[in-house]
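Close look at the chain arrangement
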Amino acid sequence: MNDDLRLAHVPMRETVELVRMDLPEELARPLMERGVLPGCRMCPLRTSPSGDPVVLVDGTVLALRRDLARCLCVKSVAGAA
Amino acid sequence: MPSPLSVAPTCHDTAAPPPSEGSELRPLVALVGPPNSGKTTFFNQLTGLRQKVANYPGVTVEKHLGQVTLPDGRTVDLLDLPGVNGFSGRSLDERVTMDALAGRIEGVRRPDAVVLVVDATRLETQLMLAEPVLEMGLPTLLVLNVIDEFDAQRGAVQDDVLAKELGVDVVRTDARGGRGLDRVQDFIARITRHRGWVSALGSQPDADDGRVSLPMIDVLTARRRRIRSILDKAAYRAPGLSGFTEKLDAIVLHRVWGPLIFFAMVVLVFEAIFSWAIPFMDGVEWFIAATGGWIAAVLPAGWFRSLLIDGVWAGVGSVVVFLPQILILFLFLAILEDSGYMARAAVIADRSMHRVGLQGRAFLPLLSGYACAVPAILAARTVEDERDRLATIFVTPFMTCSARLPVYALLIAAFIPDVQVLGPFLGARALTLLGLYALGIVAAVGTAFLLRRTFLRGRRADFVMELPPYRLPSPRSVLYRLWDRSKIFLKRAGGIIFAVTVILWVLAQFPQVDGGPPTVEQSALGQAGQFIEPAIAPLGFDWRVGVGLVSSLAAREVIVGSLGTIYGVEGAGEESFQLQEALQQHMPTDAAIALLVFFVFALQCMSTVAVMRRETAGWKWPIFQFAYMLMLAWGGAFLAYRIF
């Protein structure tokens, strides 16, 4: 069930943990270099005017494209609001 | 792509002394850090104006080398390496940083020590760089920068635990406020005191150790876990998000306000480069003319005076005149970038840029292109993905740079009647100018679209943009950047323009008639115009325009002066009525419109060609670019001549 949760569908301000990236390494590379790795905490902060997510990743704010956010499998973190 | 950087590893101690480096006797300290860690501010604070910028051999990565005077009076060299997030070695910046630390770059000796600067407010992510840096085996100092914000946002970490776990020294700094830098100097002084001994300690890392072959995600995930456990031991408490940045982002990235602010910013930049810069440009123009006049008065008449004044002074002057505009552009861009707004602008622009096959980071180079393509192409370095970068560079010359404006101004004033078209605000002349700008944009969009389906096809790199906290730009940093950029602009543009103007001058002087210069028609330049006349006749151009086109190969605006010479109008500028009248007599209106269209498309700028060759590391792209734009120009002008 949790397996189906994608970052793109996480409500604003809810902290989740990254489980898996459904991306070829070439596309995942710029993400990984910026600390987006399995186990990291992600929290959607807002959407940009074009509807793309702005996400807090372990203290760093990243802007992603929404198609990319659909490829990031996450699970909710117990205890997080 | 093989790079001249990947030279075989040589033993540090036996390597020949690099000739281009500061001083072989001085110790070398490397500055490493992720982008946006405040590393450059840090570098500027430590070195002041005692720094110089060059390129690493054979690549487009800039090498910043400066000198630091230590408290004990000794001087060390400080090398500011490109900002990197890791050492996967796929980007040019990463490879340069990695090779520099390993002492594998020709002309750069292996550093004696490393100062690793990280932004403390994003410690967890930025520490990912610590491990690969430490693996280089050099004495390392970990600098927790921006510590003022870290404290203000109630972050906490035990430095001594961090130091013990990582096996490095740790200091806290606030580079912008200048705090903590003395302790960095102390470290450098201590480490470099027994330099030979320290260097011998550092083991030479292999070029390719086995780990590179492991899937990157495994390497990085394991690294991340280790960093997390070290931070846990050091009782790390992440700082909260900056309330100020949060509040500002709520507006700047707002659905309605965001695009409005973006649009206002673009208008402001345009206003600055086209209105505020004009008085300064007029001043520079006056200065060049005046000094040229004085020199002409002092020198005896003859070929040397003619070469110096008509060739060099006028030619190089035509480039220097754009310096105020470029400085103002860079002032704005530096402020926008250092404050953190540019990252947001790239995010806002990304969706529409993506649609035409570019990405958000291309926005800044393209905006710069409205002033001048040369700095714009240099700015394209911020576009991470290589294909995206090439596409950005390729479409940049379609942006209406300010060198086209004198040409547009002259032809519009001479041929387009000053009548109202749409109400009292939009005349035929303004409409023509807008149309020329729009034509450039259409060409850029179409070209990007085509490139993406032909030469630059393949996977789309994704767009990931880090949004750094908003910060007040440091005036010092901004000024250093301006200084840097203007030096590069003058060197790149000035050098090629100098060469081309001398060649053009020679072509205009020979073959000599009765020991004096020939008429334009008889000169080699005039013959070149006549030679290409059959090719341009279908566009409605005669040999005189041909001479203008040949001479404006150096720089577009040169055509104004050379048309003046051909029609025998003294001191012709774009506002010269005599020149306008002469043009009206010799050129039908449809040919003038064709000429305008020609200038929208043609790559009449050797500085751009030169900088493209540099930035794409070869002649392939600039030659292709030149041919492609010439083809478009010819086709466009042909159509315009037929239609109008």
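Each chain has its residues counted from 1, following the order in which its sequence is written. By the order in which they are written, chains take letters starting at A while ligands take numbers starting at 1. At least 70 in pLDDT is required for a residue's local features to be given in this predicted model, at least 80 for side-chain atom pairs to be given and counted, and no such filter applies to totals for whole chains, interfaces and linings, which use all residues.

This paragraph deals with helix H10 (residues 243-252) of chain B. All names here are of chain B. Exposure in this text rests on C-beta crowding, where 20 or more other C-beta atoms within 10 Å of a residue's own make it buried, 12 or fewer make it exposed, and counts in between make it partly exposed. The C-beta atoms are placed from the backbone. Numbering of helices and strands runs from the N terminus, with a helix taken as a DSSP run of H or I at least four residues long and a strand as a DSSP run of E at least two residues long. Among the residues of H10, those classed as buried are Thr 245, Asp 249 and Val 252. When H10 is viewed along its axis, its buried side chains cluster within an angular range of 65° and face the same direction. Turned more than 90 degrees away from the buried face of H10 sit Gly 243, Lys 247 and Ile 251, all of them exposed. Each C-beta atom gives one direction from the helix axis, and the arc is the one those directions make.

All the domain ranges listed were derived from an automatic or database domain assignment. Split by domain assignment, chain B resolves into domain 1 (28-233), domain 2 (257-401 + 426-458) and domain 3 (476-643). Relative placement of domain 1 of chain B and domain 2 of chain B: their C-alpha centres are 34 Å apart.

With that out of the way, let us pick up the confidence of the model for chain B. Residue and element names in this part refer to chain B. This prediction gives chain B a mean pLDDT of 83; 89% of its residues lie at or above 70. As a per-residue measure, pLDDT reflects the predictor's confidence and takes values from 0 up to 100. Note on contacts: residues are paired as contacts if their backbone-placed C-beta atoms lie within 7 Å. Within the model, pLDDT remains below 50 along residues 1-22, and this stretch shows 36 contacts once partners closer than five positions in the same chain are excluded. Across residues 196-212 the pLDDT falls below 50, and counting only partners more than four positions away or on other chains, this stretch makes 18 contacts in the model.

Here we come to unusual backbone geometry. Residue and element names in this part refer to chain B. Even without being a glycine, Val 146 presents a positive backbone phi close to 55°. If you trace the backbone, Val 146 turns up in the loop between strand S6 (140-145) and helix H5 (147-152). C-beta crowding within 10 Å serves as the criterion here: with 29 such atoms nearby, Val 146 is assigned to the buried category. The phi angle at Ala 235 is positive, at roughly 50°, despite the residue not being glycine. Relative to the elements of secondary structure, Ala 235 occurs in the loop between helix H9 (216-233) and H10.

On the chain B side, the residues contacting the 31 residues of chain A number 34 residues. Ranked by the residues each element gives to the side of chain A that touches chain B, the list is headed by helix H1 (residues 25-33) of chain A, at nine residues. Residue composition of the side of chain A that touches chain B, grouped by class: 16 nonpolar, six polar and nine charged. With two bridges connecting them, strand S4 (residues 60-63) of chain A and strand S10 (residues 465-466) of chain B associate as antiparallel partners. The partner of Leu 62 of chain A across the bridge, within S10 of chain B, is Glu 466 of chain B. Each residue receives one of three labels: charged for Asp, Glu, Lys and Arg, nonpolar for Ala, Val, Leu, Ile, Met, Phe, Trp, Tyr, Cys and Pro, and polar for the others, Gly being one of them. By this definition, two strands are paired if DSSP reports at least two bridges between them.

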